[in-house]
Amino acid sequence: MTGLLARAGATPVTAPHGLPRLIPAGAGADPGLAAHLARLGPPAHSPAGAAPQAGPAIIAAAQAAGLTGRGGAAFPVHRKLRAVAAAGRPGRAVAVANGAESEPASGKDRSLLWLAPHLVLDGLQLAAEAVAAGRAVLYVHRDPDLARHLADALAHRAAAGCDRIATEVVQAPDRFLAGETSALASRVSGGPARPGFAEPPVYERGIGGRPTLVHNAETLAHLALTGRFGPGWFRAAGLPGEPGSMLCTVHRADGAGHVTEAALGTALAALLPGLGGPGRGEVQAVLCGGYHGTWLDPAVAAGLTLSRASLREAGAAPGAGVLAELPASRCGLAETARVARYLALESAGQCGPCFNGLPRMAAALAELAAPRPAPRAEADLRRWAGLVGGRGACHHPDGFVRFVASALGVFRDEVAGHARGRCRATDRAPFLPVPAPPATEADWS
Amino acid sequence: MSARESADLWYASRATGVVALVLLTLVLVLGVAVNRQGRLPGLPRFAATSLHRSVALLAVTFVAVHVGTAIADPFVSIGIAAAVVPFVSPYQPFWLGVGAVSVDLMLALIVTSLLRTRIGRRAWRGVHWLAYACWPAAAAHSIASGTDLRHGWLLDLGAGCVAATAAALAWRRRRTLRDAPPAQRAGPVLAAETRRRAAGAP
Amino acid sequence: MRLRVNPIACTGHGSCADLLPELVSLDEWGYPLVADGAVPPELARRARRAVRDCPALALLLTADPEPGRR
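The structure displayed is predicted, hence computed values, not measured ones.

> Is there a simple way to explain the sheet that holds strand β1 (residues 93–98) of chain A in this structure?
Each strand in a sheet pairs with another by means of backbone hydrogen bonds, the pair being arranged parallel or else antiparallel. Residue and element names in this part refer to chain A. Strand order in the open sheet formed by four strands is β3-β2-β1-β4, with parallel pairing between adjacent strands. Looking at strand neighbours, the two that pair on one side only are β3 (167–172) and β4 (212–216), the edges of this open sheet. Across this sheet, the average inter-strand angle for adjacent strands is 25°, counted without regard to direction. Where β1 meets β4, five bridges bridge the pair, whose relative direction is parallel.

Shown next, in the form of structure tokens:
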């Protein structure tokens, strides 16, 4: 198979067959540059000192592959590349790899940056070439160990003359909204990691007023492989309408969790052991897509596959690949209320409907999660839910409402039980991961 | 010009000066009302904004007449430049200069406000803070330039203006949820709503 | 021509709701709820006034015919 740059005399490398594609198999696999190049061959982007390739060729490959974003929105990669490329003169754009996944229940980007950093960095270089960027940034949450790991990786690349543009690492606070596109642009421009009113949009005027390309780290990893092995290879996995594979963070009912790579179209029952076979009674509900995602009934989830088309019919979406089984021993309302409280306090506090509505909804949900809530708690919750959608500068209120509304549906029996003073939970220990919320302005920079 | 005409100009300048001070005080109070989202009784929400703007333009008109008559009066030598360039007037250079500072700030406020949709929120707001320098300069000029405000009912009027401004400033400084930094807005709302529910509020 | 609110700049002053009640109402916290769709031509002048008079400069008139989402 040939990629974009079939360099004369290069030894052809066998493209990865099947899965996994992104993270080398085996926990002990070497994430270093030499091992990376030995496994996958030379990258598709131009090295230091070489002339950049034509952007349109890279964009065309992304389009032929049907690559979509893996950060949650699943936006077609080629369209974003085209928009940024068209927004300014060559050398003006900024290309960003967004490795700040921000979702407490997701660990895929972190895994990717630890275990296959060079794949992400290759993808960033290729994307930077596609939009003729003059600056490349890797955006990650603040973590001294990861920072050291990435600095090592970048030092090796610099020594090997891998990259035309040196990648800068910018650290973000541990906020739920830090990875949002305009929040990222704000942070990299030197301000706090808060969303902005994106008018004009970030791809036109982003970091330092320049056209800015922001892609999830995993998306860029897929782009790097597509660049090497071609769109046909990328399409060899997945579905015709939704090609390729994606990383999922799976939380099992027994408390174990792992990051795994699955082809689009894989049955959820194959990813979540509790959905089929003997584990069936152990799972009360499935959370699909993270804390802006959707709760699903396990019987419904068992019939769905990991794809936008399939999940859309159940009112859900793959998002950033979080799949969590809620054990039968927990109270779904209590778990939802805990997460809702966290989400409400993670509001950037900028938009009236958000900082007024989300905390009030979280309080109402906390009341529903307690014994014998006042009858109007649910009515209040529904009224406020109808009031905040679409009225923030970012999608935080919308995602919050989606998450909470799905809980009221899936856990409706529990709502009825609590009204009578009864809760099914036999285990009150928290299940879903919820970090400590912010307290001061300093927490946002 | 006869002595009588000169005296007329002088009295006109003093009178329009007093009225201008009262109007500027009203503008400041209305400005605070707009910022604090205060509702003028019986009037719609935009009334405060509308009045603030209209009274500001009226005040500037009175300031213009006040300055014009002072320049035109041959009895004191105040040149045109002294209206906007501080401290160049041979007559009472310092306190007239303070008045000129106030006029300069007023011009900046008016021009930026007329162009506010074009210059952007941040630039407009930045300049508008100068209103809190403009009023004290106008008040100091009013009290110190002549002896009018130091006796009788004009003293009461001047004191009233100062009191009104002080009250407006106190109102301006009252903290609401909006005044808290963004990181500290959701927390208090959650706490208040939780308390409200715990108290069994209807 | 569509009416849009910059929700970050908006302080919930409510002038827009007074000036343009056909298109703007206020929620229970005083923040504007703007009707979807194009501004009818007979309301264009008042809409421009509402934009000009917003104390927070948070109301905008945009030219896009489609709902603009980020």
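Don't stop here, the text continues.
> Hey, could you run me through the sheet that holds strand β5 (residues 245–251) of chain A in this one?
Residues and elements named next belong to chain A. In spatial order, the strands read β6-β5-β9-β7-β8; together these five strands make up an open sheet with mixed pairing. Two strands in the sheet have a free side with no partner beyond their single neighbour: β6 (257–263) and β8 (294–296). Along the sheet, successive strands turn relative to each other by an average axial angle of 25°, direction set aside. Along the sheet, helix α16 (residues 396–410) contacts β7 (283–288) and β8; its crossing angle with β8, the most-contacted strand, is approximately 20°.

> Quick question: what am I supposed to make of the packing of helix α14 (residues 352–368) of chain A against α16 of chain A here?
Relative placement of two packed helices is described by the angle separating their axes and the distance separating the axes. Residues and elements named next belong to chain A. Packing of α14 against α16 brings their axes to within 10 Å, and their N-to-C directions diverge by 20°. Here α14 is positioned roughly parallel relative to α16, judged by the angle of their axes. The two elements α14 and α16 meet at a crossing, and its hand is left-handed. When α14 is examined against α16, the residues Pro353, Cys354, Gly357, Leu358, Met361 and Leu365 are found in contact with a partner set consisting of His396, Pro397, Phe400 and Val404. Split into classes, the residues belonging to the contact of α14 with α16 amount to eight nonpolar, two polar and no charged.

> Would you take a moment to explain the interface of chain A and chain B for this structure?
One frequently used descriptor of interface size is the decrease in accessible area upon assembly of the parts. Between chain A and chain B, the residue contacts involve 22 residues of the former and 11 residues of the latter. If you list the elements that add at least two residues to the side of chain A that touches chain B, you get α13 (332–345) and α14 of chain A. Sorting elements by how many residues they give to the side of chain A that touches chain B places α14 of chain A first, with nine residues. Grouping the amino acids of the side of chain A that touches chain B by side-chain chemistry returns 12 nonpolar, five polar and five charged.

> Explain the pairing of strand β2 (residues 133–141) of chain A here, please?
For a regular strand, side chains alternate in direction, first toward one face of the sheet and then toward the other. Residue and element names in this part refer to chain A. Most of β2 sits inside the fold, with eight of its nine residues counted as buried. Here β1 runs beside β2; their pairing, made up of six bridges, is parallel. Paired with alanine 97 across the strands is leucine 138, a residue of β2. As paired elements, β2 and β3 share six bridges and run parallel to each other. Bridge pairing in β3 places leucine 138 opposite valine 169. For the crossover that starts at β2, traverses helix α6 (residues 144–160) and ends in the parallel β3, the hand is right-handed.

> Got a minute to help me understand helix α8 (residues 217–229) of chain A in this structure?
Residue pairs three or four apart in sequence face the same way in an α-helix, which turns once every 3.6 residues. Residues and elements named next belong to chain A. Compared with the 18 Å implied by 1.5 Å per residue over 13 residues, the 19 Å span of α8 between its first and last C-alpha is a close match. Summarising burial for α8: 13 of the 13 residues are buried, a large majority. At the exit of α8 stands glycine 230, carrying a positive phi of roughly 95°.

> Explanation requested: α6 of chain A in the structure shown.
All names here are of chain A. The terminal C-alpha atoms of α6, which comprises 17 residues, lie 24 Å apart, in line with the 24 Å expected from a rise of 1.5 Å per residue. For α6, every residue scored as buried is listed here: Leu150, Ala153, Leu154 and Arg157. An end-on view of α6 places all buried positions within 95° of arc, on one side of the element. Opposite the buried face of α6, by more than 90 degrees, sit the exposed residues Pro144, Asp145, Arg148, Ala151, Ala155 and Ala159. Packed against the buried residues of α6 are α1 (33–40), α4 (108–115), α5 (117–130), β2 and β3.

Conventions and cut-offs
- Residues numbered from 1 in each chain as written.
- Chains lettered and ligands numbered in written order.
- Predicted model: local features only at pLDDT ≥ 70, side-chain atom pairs only at ≥ 80, totals over all residues.
- Pairing = 2+ DSSP bridges.
- Helix = DSSP H or I, 4+ residues; strand = E, 2+ residues; numbered from the N terminus.
- Axes fitted to C-alpha atoms, helices over the stretch in contact; angles between N-to-C directions.
- Contact = placed C-beta atoms within 7 Å.
- Parallel < 35°, antiparallel > 145°, perpendicular 65-115°, else oblique.
- Left-handed = near helix turned anticlockwise from the far one by under 90°.
- Nonpolar A, V, L, I, M, F, W, Y, C, P; charged D, E, K, R; others polar.
- Buried ≥ 20, exposed ≤ 12 C-beta atoms within 10 Å, placed from the backbone.
- Right-handed = clockwise from strand over helix to strand, strands pointing away.
- Expected span 1.5 Å × (residues − 1).
- Arc of directions from axis to C-beta.

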